[in-house]
Amino acid sequence: MLWLSLGLVLGAVGLSLYFGNGTREARASNDRYEDYILCTGAVAVSPKAQTDGVWLLDYRSGKLLGTVIDRNVGKIVGWAEVDLVTEFGIPPRTNCHFLMTAGQITAGQAALYVAETTTGKFGVYSMGQRPDNQPGVSIRRHDLVLFRPEKDKEKEKGKDK
């Protein structure tokens, strides 16, 4: 009887550790089609309410768009945008190539990582509540750095000639 009781207790503890409190963290995913890249990740619009964030990179307009889903009504809350052409300093009519993916930086909050291979720039963004407390979200840039030194870009330009 002792071993049966011990087995039941250990089984219950194991199940509770495996299944947790019934919540699962959202996982980020992304996809691309022609001139568009779509990516998702968690967004904490308030301390107690995290929701799914959607990022859309539109090559044609050179814009990064972001929105969240209002969990109460199941609707999109409007789009925030960043002009990536200006942000990354991309000259007009440049054949640019973007990559992006999301990663979790803290519980319930994802960061978006955007790389542009022509300029060699890498940006880190997050989405959250608007600073003016109006409905919707805002996109915040945390960092924009070079992932490839300037001299490497000059070598590539010499190869193209």
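Keep in mind that this is a model prediction, so the values were computed, not measured. (Residues numbered from 1 in each chain as written. Predicted model: local features only at pLDDT ≥ 70, side-chain atom pairs only at ≥ 80, totals over all residues. Heavy atoms only, no water.)

1. Brief notes about unusual backbone geometry
The backbone of Arg-93 sits at a positive phi, close to 60°, despite the residue not being glycine. The topology assignment puts Arg-93 in the loop between α2 (84–87) and β7 (98–106). Under the relative-accessibility criterion, Arg-93 is labelled exposed at 83%. Notably, Asn-133 is not glycine yet its phi reads approximately 60°, a positive angle. Within the secondary structure, Asn-133 sits in the loop between β9 (121–129) and β10 (137–146). Residue Asn-133 is classed as exposed on the basis of its relative accessible area, which comes to 58%. (Helix = DSSP H or I, 4+ residues; strand = E, 2+ residues; numbered from the N terminus. Buried < 20%, exposed > 50% of the residue type's maximum accessible area, 1.4 Å probe, protein only.)

2. Things to note about the sheet that holds β9
Ordered in space as β7-β8-β9-β10, the four strands form an open sheet in which the pairing is antiparallel. Every interior strand has two partners, whereas the edge strands, β7 and β10, have only one. In this sheet, adjacent strand axes meet at a mean angle of 25° when their direction is disregarded. The pairing of β7 with strand β8 (residues 109–116) spans eight bridges and is classified as antiparallel. Across the sheet, Gln-104 pairs through a bridge with Ala-110, a residue of β8. (Pairing = 2+ DSSP bridges. Axes fitted to C-alpha atoms, helices over the stretch in contact; angles between N-to-C directions.)

3. Re the confidence of the model for the protein
Looking at the protein, the pLDDT average stands at 80 and 81% of residues meet or exceed 70. For the protein, per-element mean pLDDT is lowest for helix α3 (residues 150–160), which scores 58, and highest for strand β6 (residues 80–83), which scores 93. (pLDDT = per-residue confidence, 0-100.)

4. Remarks on the side chain of Thr-67
Mapped onto the fold, Thr-67 is located in strand β4 (residues 63–70). In terms of polar contacts, Thr-67 uses its side chain to reach the backbone carbonyl oxygen of Gly-78, at 2.6 Å. The contact partners of Thr-67, leaving out residues within four places of it in the chain, are Asp-52, Gly-53, Val-54, Ile-76, Val-77, Gly-78, Trp-79, Met-127 and Val-137. (Polar contact = N/O pair within 3.5 Å; in protein donor to acceptor, adjacent residues only side chain to side chain. Contact = heavy atoms within 4.5 Å.)

5. Quick look at the layout of surface pockets
Taken as a whole, the second largest pocket encloses approximately 190 Å³ of empty space. Lining the second largest pocket we find Val-45, Ala-49, Thr-51, Val-68, Ile-69, Asp-70, Arg-71, Asn-72, Val-77, Gly-136 and Val-137. Those elements giving two or more residues to the lining of the second largest pocket turn out to be β3 (49–58) and β4. Sorting elements by how many residues they give to the lining of the second largest pocket places β4 first, with three residues. Of the residues contributing to the lining of the second largest pocket, the split by class is six nonpolar, three polar and two charged. (1 Å grid on protein atoms, 1.4 Å probe; cavity = no way out; pocket = protein on both sides within 12 Å on 5 of 7 lines; lining within 4 Å. Points joined across faces, edges and corners; volume = space filled by probe spheres on them. Nonpolar A, V, L, I, M, F, W, Y, C, P; charged D, E, K, R; others polar.)

6. A look at the pattern of salt bridges
For the structure on display, the rule yields four salt bridges. Taking the shortest distance from any N to any O, the salt bridge between Asp-35 and Arg-60 comes out at 2.9 Å. On the criterion of sequence distance, the pair formed by Asp-35 in the loop between β1 (29–33) and β2 (36–46) and Arg-60 in the loop between β3 and β4 is long-range, its members being 25 residues apart. When its relative accessible area of 27% is taken as the criterion, Asp-35 is described as partly exposed. Overall, the relative accessible area of 58% leaves Arg-60 in the exposed class. Among the ionic pairs, Arg-141 bridges to Glu-87, the shortest N-O distance being 3.2 Å. Of this pair, Arg-141 sits in strand β10 while Glu-87 sits in helix α2, placing them 54 residues apart in sequence. We classify Arg-141 as partly exposed; its relative accessible area is 43%. Accessibility expressed as a relative area gives 22% for Glu-87, which makes it partly exposed. (Salt bridge = Lys/Arg side-chain N within 4 Å of Asp/Glu carboxyl O.)

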